[in-house]
Amino acid sequence: MDLILDDAYFMRKALQEAELAFEEGEVPIGAVITVQGRIIARAHNQTERLRDVTAHAEMLAITAASNFLGGKYLYDCTLYVTLEPCPMCAGALYWSQIPKVVYAAPDPQRGFKVSGGVLHPKTEIISGVMEEEAGELLKRFFIQRRNLN
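- The name an unreviewed UniProt entry assigns to the chain is tRNA-specific adenosine deaminase, from the organism Muriicola jejuensis.
- Recorded in UniProt for the chain, the comment headed Subunit (unreviewed entry) runs: "Homodimer."

Here's what the structure looks like:
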């Protein structure tokens with residue numbers, strides 16, 4: 001019997017990473033990268049911990065996947081991320097030549113679509129996978145943050 005893993009399965013794994021970010025006081029965004037149905041990289045935002053504005057979940061996952069594969073191109077890989085990538089991450093994804101990006105919630109203010117960021121022209125983009133769950137986690141985080149200030 002073959003186990004069929006779908007986009008929702010891998011997005012749940014990305015949401016687990018986002019929960020870790022939430023617990024660490026980071027903006028709760030998580031990412032996983034798969035190849036042939038196998039997770040090869042997991043990451044969540046670490047901009048506060050590392051004091052690095054580039055330490056987005058996608059950037060850290062790209063680095064981990066590249067290290068795993070032993071090369072800079074992420075051929076045959078899929079990125080699952082809980083929020084639409086920003087232009088910086090879209091640029092890194094462009095250069096990695098990743099063929100598929102799946103994200104949960106749109107980012108109407110800073111996402112690559114509204115700010116002119118570009119993915120590789122051959123990249124398949126799927127949005128809205130577990131959008132509600134990812135959106136609720138982000139809302140909870142920012143409500144909590146406002147109440148602390």
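Here the narrative resumes.
Remarks on the UniProt feature "domain: CMP/dCMP-type deaminase" (unreviewed entry) in the chain
Now for step 1: UniProt's entry tags residues 5-115 with the feature "domain: CMP/dCMP-type deaminase" (unreviewed entry), counted in the numbering of this structure.
Now for step 2: Its end C-alpha atoms 32 Å apart, residues 5-115 is made of 40% helix and 23% strand.

Side note on helix α3 (residues 57-69)
Now for step 1: In this model α3 runs 18 Å from its N-terminal to its C-terminal C-alpha over 13 residues, within 8% of the 18 Å that 1.5 Å per residue would give.
Now for step 2: Among all positions in α3, only Ala 57, Glu 58, Ala 61, Ile 62, Ala 65 and Ser 66 are buried. Down the axis of α3, the sector holding all buried residues measures 155°, keeping them to one side.
Now for step 3: Looking at the packing, one finds that the buried side of α3 touches β1 (30-35), β2 (38-44), β3 (77-83) and α4 (87-96).
Now for step 4: One or two positions beyond α3, positive phi appears at Gly 70, with a value near 75°.

Calculation notes
- Residues numbered from 1 in each chain as written.
- Predicted model: local features only at pLDDT ≥ 70, side-chain atom pairs only at ≥ 80, totals over all residues.
- Heavy atoms only, no water.
- UniProt positions renumbered as here; feature names shortened; annotations may be inferred.
- Helix = DSSP H or I, 4+ residues; strand = E, 2+ residues; numbered from the N terminus.
- Expected span 1.5 Å × (residues − 1).
- Buried < 20%, exposed > 50% of the residue type's maximum accessible area, 1.4 Å probe, protein only.
- Arc of directions from axis to C-beta.
- Contact = heavy atoms within 4.5 Å.

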